[in-house]
Structures are given as structure tokens and as C-alpha cells.
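Residue-level listing of the chains:
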Amino acid sequence: MASATLTGMTGCARSISSAAGDKIDVGILFSLTGGLEIVEKSMHDATLMAIDEINQAGGVLGKQLIPVIEDGASDPRIFAEKARKLLISDKVATVFGCYTGASVKAVLPIFTQQRGLLYYPTYAQGNECPSHAVYTGAVPNQQVSNFLPWIMKNLNAKRFFLVGSNYVFPREMAKIAKIVLKQNGGEFVADEYLPLNHTEWGSLVSKVRQLKPDAIFSNVVGASTVAFYREFKNQGLKPEDLPICSTVTSEVETQAIGTDFVSGHYSSFPYFQSVNTPVNKEWVAKVKQKFGDRAVTHHAMECSYWQVHIFKQAAEKAGSLEPEKLRMASLGLEYQAPGGLVKIDPDNGNAWLTPRIGQCQSDGQYKIVDEGAEPIKPLPYIAYGETTSNLYCTAKGLDTTKFKPQEQS
């Protein structure tokens with residue numbers, strides 16, 4: 001099969017030879033080492049699991065998917081280096097990967113320049129219209145807009161302490177949280193950010209005790225969550241008196257932290273392992289069969305899984321592996337994921353998802369205490385208004401046709 005050629009923005013050409021013969025090379029780019037390994041290794045595993053399923057069912061366009069695996073090593077600079085290798089040297093058809101907003105910001109210019117395509121499976125802060133990416137994780141209106149009003153009403157909380165790791169996602173989520181709090185009559189008493197992989201949380205938790213907020217809104221990421229939750233309990237703080245309400249702490253972080261330190265606290269995600277549907281029960285059973293009984297599922301892992309199936313649909317719809325055609329073909333696609341019906345929005349390339357709030361139980365699983373009735377439209381520009389999003393997407397030449405969810409069968 002002749003290789004396809006795309007002309008990049010700089011005028012250079014990138015030859016896609018990844019579909020030669022009976023195979024299609026696809027890039028897998030997650031952290032397999034470093035402080036973010038505790039989350040990203042499971043995302044890597046879920047991606048490979050989906051690839052195996054697709055290959056066993058006949059592949060994509062009659063060809064087998066061949067994963068080209070790289071390790072971002074929890075470092076945005078390494079992510080950029082590996083993304084460049086996958087696109088230029090390996091000439092992969094697409095890349096599945098990245099976890100932090102910092103790693104995405106590091107690689108997106110490379111995907112734009114080389115006219116590649118990234119499927120990004122992580123909850124994000126929004127404020128981007130990715131012309132060379134498809135975002136399948138939650139955006140703030142699917143994770144924060146429902147969460148903070150629920151906390152205020154159900155946990156009788158008004159005064160919030162905002163805490164996060166020191167990079168773009170936690171800071172942008174805090175910006176949005178401040179807007180949502182103001183709209184609902186709440187307030188923040190402080191916001192603090194410590195470096196990724198930071199382990200000395202004693203002074204910050206002491207400050208929390210001094211300020212006596214009603215709740216913690218946490219965007220602490222990766223291995224730092226272990227030290228944060230443990231220090232919180234070690235200083236005598238209890239969830240019934242001061243709950244940590246997180247947009248980041250999922251089942252996999254909870255397992256790493258230890259359930260004794262997380263039980264009673266809350267998280268907001270469109271997916272929890274406890275989602276009570278036949279599709280999810282079957283998927284969880286397959287995950288445990290493949291990776292062992294201690295394996296847990298979580299939102300970013302679930303998105304890592306189902307986005308590969310979206311790629312398959314897009315390739316077969318487009319009849320092509322050219323990245324720009326794949327992205328356009330992805331817009332509007334639907335898939336019955338473990339967490340329910342998902343769809344890629346034609347306005348902005350993000351996913352329609354169902355918001356959920358969970359409380360951690362003593363077994364490390366999350367009891368769903370609030371759940372949306374159906375998937376909702378992603379509004380990545382919630383801090384600035386949807387109009388800004390549509391104007392930006394129009395400037396990028398993207399379709400801004402409104403997308404209505406179809407009825408579930």
C-alpha cells in the first residue's frame with residue numbers, strides 16, 4: 001500500500017507509512033515511570049486492551065493495529081521528544097496518550113506542525129480547541145459545575161480551601177471553581193499549589209487547620225496525592241468534619257494512597273468502577289481477568305479504552321488514515337462505553353459525558369451519590385462562555401454545528 005503524504009503548516013511533508021502491508025502502527029504515549037506512573041500505567045494497559053479486542057475482531061480497515069510504545073516518564077519535555085519521534089520517525093497513524101495538561105501543552109505544537117492526531121483521554125481544564133486532537137475526558141462543566149453546588153447544598157459547605165499541584169490544570173480548575181463558587185454564594189479562603197511529586201504537605205495541612213474551611217477542593221495530582229491524604233489524616237482531620245472534594249482522586253489513586261486515608265472523601269468523575277450497568281460489569285470483569293483481581297478501573301482509564309474504538313469507527317467512516325480526515329470523521333461519533341453513551345462533539349472535539357459524584361467507601365470503591373440523567377454537552381470554555389469557544393473553533397475552521405444527543409436504545 002502506498003504511503004499517504006500530508007503537508008505540514010511549515011510547508012514540509014510528513015509521509016505516513018504506518019499502514020504498509022497488513023498493519024497499522026499507532027503510538028502509545030503514557031508515563032510508565034516517574035510519579036505519574038500510578039495513574040498512567042493503567043491508561044496504557046487499557047489502550048492495549050482495546051487494541052487487542054479490535055485486532056481479534058479483524059482490525060481496522062482489515063489491518064492489525066501495532067502499538068509503538070513510548071514512555072513519557074512523567075516529564076513534559078520527554079513527552080515532546082517522544083511525540084516527535086512517533087510522528088516523524090515512526091510515522092504512526094495516530095497517537096493515544098498524555099495525562100497531565102502540562103504534557104499535552106508540550107506535545108500539541110508538534111501535532112499541529114506535523115499534522116498528526118492525538119487522542120487525549122484525560123479530564124482537562126478546557127480553554128483549548130484542539131485542531132489536531134480529540135479530547136475524550138471530562139471538561140469543567142462535566143466535573144466542577146455539578147460538584148461545587150452539590151457540596152454546598154449537601155455538605156453544608158460555604159468556605160473552600162483550594163489546593164492543587166503547580167501546573168496548568170489545577171490552576172485553571174481553581175479559576176473555574178472560584179467562578180462557580182461566586183455564582184452560588186460560596187467563597188474561597190485560600191488557594192495553594194505545590195510542585196508535582198511534592199511529598200512534604202505538613203505546613204500546608206497545618207494552614208488548612210488554621211483557616212478552618214468547610215471543605216477542600218483538591219486538584220492534587222499523581223504521587224503527591226499519597227502524601228497529601230495521609231498527612232491530612234495524620235494531623236487529625238476527618239472527612240465528616242472537613243471533606244476533601246477532588247476532581248483528580250480516582251480508584252487508582254485511592255488504591256495507592258490506602259483506603260483508610262481516603263474513605264469518606266468525595267470525587268467527581270463521569271465514570272466510577274461502581275457504575276451499575278451490564279456493559280460496565282462486563283468490562284470490569286475483563287480488566288480483572290487480564291490484569292489481576294487487584295486491578296481497578298477509573299475515568300481516565302475508561303476513556304483510554306473507549307477512545308481506541310472511536311478511532312476504529314473514524315478510520316472506517318473516513319476510509320483513510322490521514323490524521324485530518326480521521327479527526328473530522330471522529331466528530332459526531334458515538335460509543336456505548338462502560339460509563340454509558342459517549343459522543344464526540346462536532347463543535348469542539350470533546351466528549352459528551354454523564355456527570356457523577358462519588359463518596360469513597362472502606363473498600364476503596366466509590367458510592368455514586370449524584371448522577372446526571374444523560375450525557376451533557378462539553379463546554380471547554382466555561383470560564384469565558386461558550387460563545388468564545390464557538391468563535392475560536394470557527395477561526396480554526398472547525399464545524400460549530402450544534403450536536404443533539406441521540407436517544408439511547
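Residues numbered from 1 in each chain as written. Predicted model: local features only at pLDDT ≥ 70, side-chain atom pairs only at ≥ 80, totals over all residues. Heavy atoms only, no water.

**Q** Help me get a handle on the overall build of the protein chain, residues and values and all.
**A** When you go through the protein chain residue by residue, the secondary structure sums to 13 helices and 17 strands. Split into buried and exposed, the 409 residues of the protein chain put 58% on the buried side. As displayed, the protein chain offers around 15,500 Å² of accessible surface, 49% of which is attributable to carbon and sulfur atoms. (Helix = DSSP H or I, 4+ residues; strand = E, 2+ residues; numbered from the N terminus. Buried < 20%, exposed > 50% of the residue type's maximum accessible area, 1.4 Å probe, protein only. Areas by Shrake-Rupley, 256 points an atom, 1.4 Å probe, with all protein chains shown as cover.)

**Q** Just give me the short version of the sheet that holds strand E6 (residues 118-120), but keep the residues and values in it.
**A** Sheets are built from strands that pair by backbone hydrogen bonding, the pairs being arranged parallel or antiparallel. Reading across the sheet, the five strands line up as E4-E3-E5-E6-E7 and stay open at both edges, with parallel pairing between neighbours. Among the strands making up the open sheet, the edge pair consists of strand E4 (64-71) and strand E7 (133-135). Each strand axis lies, on average, 20 degrees off the axis of its neighbour in the sheet, ignoring direction. Examined bridge by bridge, E6 and E7 share three bridges and lie parallel to one another. (Pairing = 2+ DSSP bridges. Axes fitted to C-alpha atoms, helices over the stretch in contact; angles between N-to-C directions.)

**Q** Go over the sheet that holds strand E15 (residues 351-352) with me, naming the residues and quoting the values.
**A** Taken together, three strands build an open sheet; the order of strands is E13-E14-E15 and the sheet is antiparallel. The outermost strands of the open sheet, each flanked by one partner alone, are strand E13 (334-337) and E15. Where strand E14 (residues 340-344) and E15 come together, two bridges link them in antiparallel fashion. Bridging from a neighbouring strand, Lys 343 pairs with Trp 352 of E15. The strands touched by helix H11 (residues 299-318) are E13, E14 and E15; relative to E13, the strand with the most contacts, the crossing angle is about 145 degrees. (Contact = heavy atoms within 4.5 Å.)

**Q** Could you give an account of the packing of H11 against helix H12 (residues 323-330), naming the residues involved and the relevant values?
**A** Two elements in contact, H11 and H12, have axes whose closest approach is 8 Å; the angle formed by their N-to-C orientations is 110 degrees. Considered as vectors, H11 and H12 are oriented roughly perpendicular to each other. Counted together, Ile 310, Phe 311, Ala 314, Ala 315, Lys 317 and Ala 318 of H11 and Lys 325, Leu 326, Ala 329 and Ser 330 of H12 form the full contact between these two elements. Partitioned by chemical class, the residues of the contact of H11 with H12 number seven nonpolar, one polar and two charged. (Parallel < 35°, antiparallel > 145°, perpendicular 65-115°, else oblique. Nonpolar A, V, L, I, M, F, W, Y, C, P; charged D, E, K, R; others polar.)

**Q** Tell me about the packing of helix H4 (residues 147-154) against helix H5 (residues 168-183), and name the residues and values.
**A** Contact geometry of H4 with H5 gives a least axis separation of 9 Å together with a crossing angle of 45 degrees. With respect to H5, the element H4 is oriented oblique. For H4 against H5, the interelement crossing comes out right-handed. Judged by residue contacts, Leu 148, Pro 149 and Met 152 of H4 engage Ala 177, Val 180 and Leu 181 from H5. (Left-handed = near helix turned anticlockwise from the far one by under 90°.)

**Q** How would you explain the pattern of salt bridges if you had to name every residue and give the values?
**A** Pairs can form between side chains of opposite charge whenever their charged atoms are close. Scanning the model with the defined rule gives 16 salt bridges in all. A salt bridge links Asp 52 to Lys 290, with the nearest nitrogen and oxygen atoms 3.3 Å apart. Of this pair, Asp 52 sits in helix H1 (residues 37-56) while Lys 290 is found in helix H10 (residues 278-291), placing the two residues 238 residues apart along the sequence. On the basis of relative accessibility, which here comes to 43%, the residue Lys 290 falls in the partly exposed class. In this structure, the salt-bridge partner of Lys 82 is Glu 70, at a minimum N-O distance of 3.4 Å. Here Glu 70 lies in strand E4 and Lys 82 lies in helix H2 (residues 76-89), a separation of twelve residues in the sequence. Residue Glu 70 is classed as buried on the basis of its relative accessible area, which comes to 10%. Residues participating in the shared-partner salt-bridge network are Glu 70, Lys 82, Lys 85 and Asp 90. (Salt bridge = Lys/Arg side-chain N within 4 Å of Asp/Glu carboxyl O.)

**Q** Can you explain the pairing of strand E16 (residues 356-360)? Please cite residues and give values.
**A** Across the five residues of E16, four count as buried, placing the element largely inside the fold. As paired elements, strand E12 (residues 266-268) and E16 share three bridges and run antiparallel to each other. Following the sheet pairing, Ser 268 is matched in E16 by Ile 357. Bridge count for E16 against strand E17 (residues 366-371) is five bridges, and the pairing is antiparallel. Bridge pairing links Ile 357 to Asp 370 in E17.

**Q** Give a description of unusual backbone geometry that names residues and reports values.
**A** Unlike most non-glycine residues, Leu 61 shows phi in positive territory, near 55 degrees. With respect to the element layout, Leu 61 can be found in the loop between H1 and E4. In this structure, Ala 73 takes a positive phi of about 55 degrees despite not being glycine. Of note, Ala 73 is situated in the loop between E4 and H2. Note on Ala 73: relative accessible area 25%, which makes it partly exposed.

**Q** Please give an account of the packing of aromatic side chains that cites residues and values.
**A** Applying the stated criterion across every chain, the model contains 15 aromatic pairs. Ring plane angle 65 degrees and centroid distance 6.1 Å describe the contact between Phe 228 and Phe 232, whose orientation is recorded as edge-to-face. Residue Phe 228 and its partner Phe 232 are located together in helix H7 (residues 224-234), separated by four residues, close to a single helical turn. Note on Phe 228: relative accessible area 1%, which makes it buried. We classify Phe 232 as buried; its relative accessible area is 1%. (Phe/Tyr/Trp six-rings, centres within 6.5 Å; stacked < 30°, edge-to-face > 60°.)

**Q** Mind laying out H5, listing which residues take part and the relevant values?
**A** Compared with the 22 Å implied by 1.5 Å per residue over 16 residues, the 23 Å span of H5 between its first and last C-alpha is a close match. Gly 185 sits one or two positions beyond H5 and adopts a positive phi of about 80 degrees. (Expected span 1.5 Å × (residues − 1).)

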